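# Structural features, examined
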Amino acid sequence: MTTAISPAVGLRNAERLLDGTVGAAGSSSRLAAFLARQALEELVDERCRALGADVPGANMRSKLVILRSLDTTERADAAAVAWNRLSNVCHHHAYELSPTMAEVRDLCKVVAVLLDPS
């Protein structure tokens, strides 16, 4: 059973981690990126439904392709870039540094812009 939280709440939780309002041991920036990516994924689901393309079984790459064909190019591109970058920073790679707070904060800003329904 999964329980989806609203994209706004997920993004706000990510920003709280980045601001230090709530603490987490270890890599708060990576955890914030994970929450921001969840928020973005739920936002893409909502946007696909709003555009008449409810595809609950599709993977995220397919949903982003659907979004590209039905939404504005700017919104679809921003969603795709943010999701790819957030996915990269969510994964731990032994040969790379952890994502910086500023890097994740910039990605959260992209997601925040996408939350605006206009």
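For clarity, every value in this text was computed on a predicted model and none was experimentally measured.

All chains considered together, the criterion is met by eight salt bridges. Between aspartate 19 and arginine 105 there is a salt bridge whose closest N-O contact spans 3.0 Å. Of this pair, aspartate 19 sits in helix α1 (residues 7-19) while arginine 105 is found in helix α5 (residues 101-115), placing the two residues 86 residues apart along the sequence. One salt bridge connects arginine 37 with glutamate 41, and the closest N-O pair in it is separated by 3.7 Å. Separated by four residues within a single helix, arginine 37 and glutamate 41 lie in helix α2 (residues 28-50), roughly one turn from each other. With relative accessibility at 15%, the residue arginine 37 sits in the buried group. By sharing partners, the salt bridges in this structure join Arg47, Asp71 and Arg75 into a single network.

This part takes up the packing of α1 against α2. Orientation of α1 relative to α2, taken along the N-to-C sense of each, is 165°, at an axis distance of 8 Å. Accordingly, the angle class assigned to the pair α1 and α2 is roughly antiparallel. Our pair here, α1 against α2, has a crossing hand that is left-handed. Residues Pro7, Gly10, Leu11, Asn13, Ala14, Leu17 and Leu18 of α1 form the contact with α2, whose own contacting residues are Ser28, Ser29, Leu31, Ala32, Leu35, Ala36, Ala39, Glu42, Leu43 and Glu46. Within the contact of α1 with α2, the residues separate by chemical class into 11 nonpolar, four polar and two charged.

This part takes up helix α3 (residues 60-70). Three or more residues of α3 are buried, namely Met60, Lys63, Leu64 and Leu67. The buried residues of α3 occupy one face: seen down the axis, they fall within an arc of 100°. α3 presents Arg61, Val65 and Ser69 as exposed residues on the side facing more than 90 degrees away from its buried surface. Where α3 is buried, its residues contact α2 and α4 (73-90).

What follows is about the packing of α3 against α4. At a minimum axis separation of 9 Å, α3 and α4 run at an interaxial angle of 160°. With respect to each other, α3 and α4 are oriented roughly antiparallel. Between α3 and α4 the crossing geometry is left-handed. Of the residues in α4, those in contact with Met60, Arg61, Leu64, Leu67 and Arg68 of α3 are Ala76, Asp77, Ala79, Ala80, Trp83 and Asn84. Partitioning the contact of α3 with α4 into residue classes produces seven nonpolar, one polar and three charged.

Quick look at the nonpolar core now. Judged by nonpolar contacts, the single largest core of 28 residues is most densely connected at Leu40, Val44, Leu64, Ala79, Leu86 and Cys108. The set of elements that each furnish at least two residues to this core consists of α1, α2, α3, α4 and α5.

Moving on to the environment of glutamate 15. Tracing the backbone through its elements, the reader meets glutamate 15 in helix α1. By relative accessible area, glutamate 15 is classed as partly exposed at 25%. Along the backbone, glutamate 15 and arginine 61 are 46 residues apart, and their C-alpha atoms lie at a distance of 25 Å.

Each value, and the rule that gives it
- Every chain begins its residue count from 1, and numbering advances along the sequence as written.
- The model is predicted, so local features are restricted to residues of pLDDT at least 70 and side-chain atom pairs to those at 80 or more, both for listing and for counting; the totals for chains, interfaces and linings are taken over all residues.
- Calculation of side-chain values draws on the structure's entire complement of heavy atoms; hydrogens and water are dropped beforehand.
- Within this document, salt bridges are pairs made up of a side-chain nitrogen of Lys or Arg and a carboxyl oxygen of Asp or Glu, the two lying within 4 Å of each other.
- The numbering of helices and of strands both runs from the N terminus, where a helix is a DSSP run of H or I of at least 4 residues and a strand a run of E of at least 2.
- Relative accessibility thresholds used throughout: buried, under 20% of the residue-type maximum; exposed, over 50%; partly exposed, between the two (1.4 Å probe, protein chains only).
- In this description, a line fitted to the C-alpha atoms serves as the axis of each element, helices being fitted only across the stretch in contact, and the angle between N-to-C directions of two axes falls anywhere from 0 to 180 degrees.
- To sort the angles, those under 35 degrees are grouped as roughly parallel, those over 145 as roughly antiparallel, those from 65 to 115 as roughly perpendicular, and the leftovers as oblique.
- For any pair of crossing helices, the crossing counts as left-handed if the nearer helix is rotated counterclockwise from the farther one by less than a right angle, and right-handed if it is rotated clockwise.
- Residues are treated as being in contact if the distance between any of their heavy atoms lies within 4.5 Å.
- Only Asp, Glu, Lys and Arg are considered charged, only Ala, Val, Leu, Ile, Met, Phe, Trp, Tyr, Cys and Pro nonpolar, and every remaining residue, Gly among them, polar.
- The arc in question is the one spanned by the directions pointing from the helix axis to the C-beta atoms.
- We call a set of buried residues a nonpolar core when its members are Ala, Val, Leu, Ile, Met, Phe, Trp, Tyr or Cys and they connect through side-chain atoms within 4.5 Å of each other.

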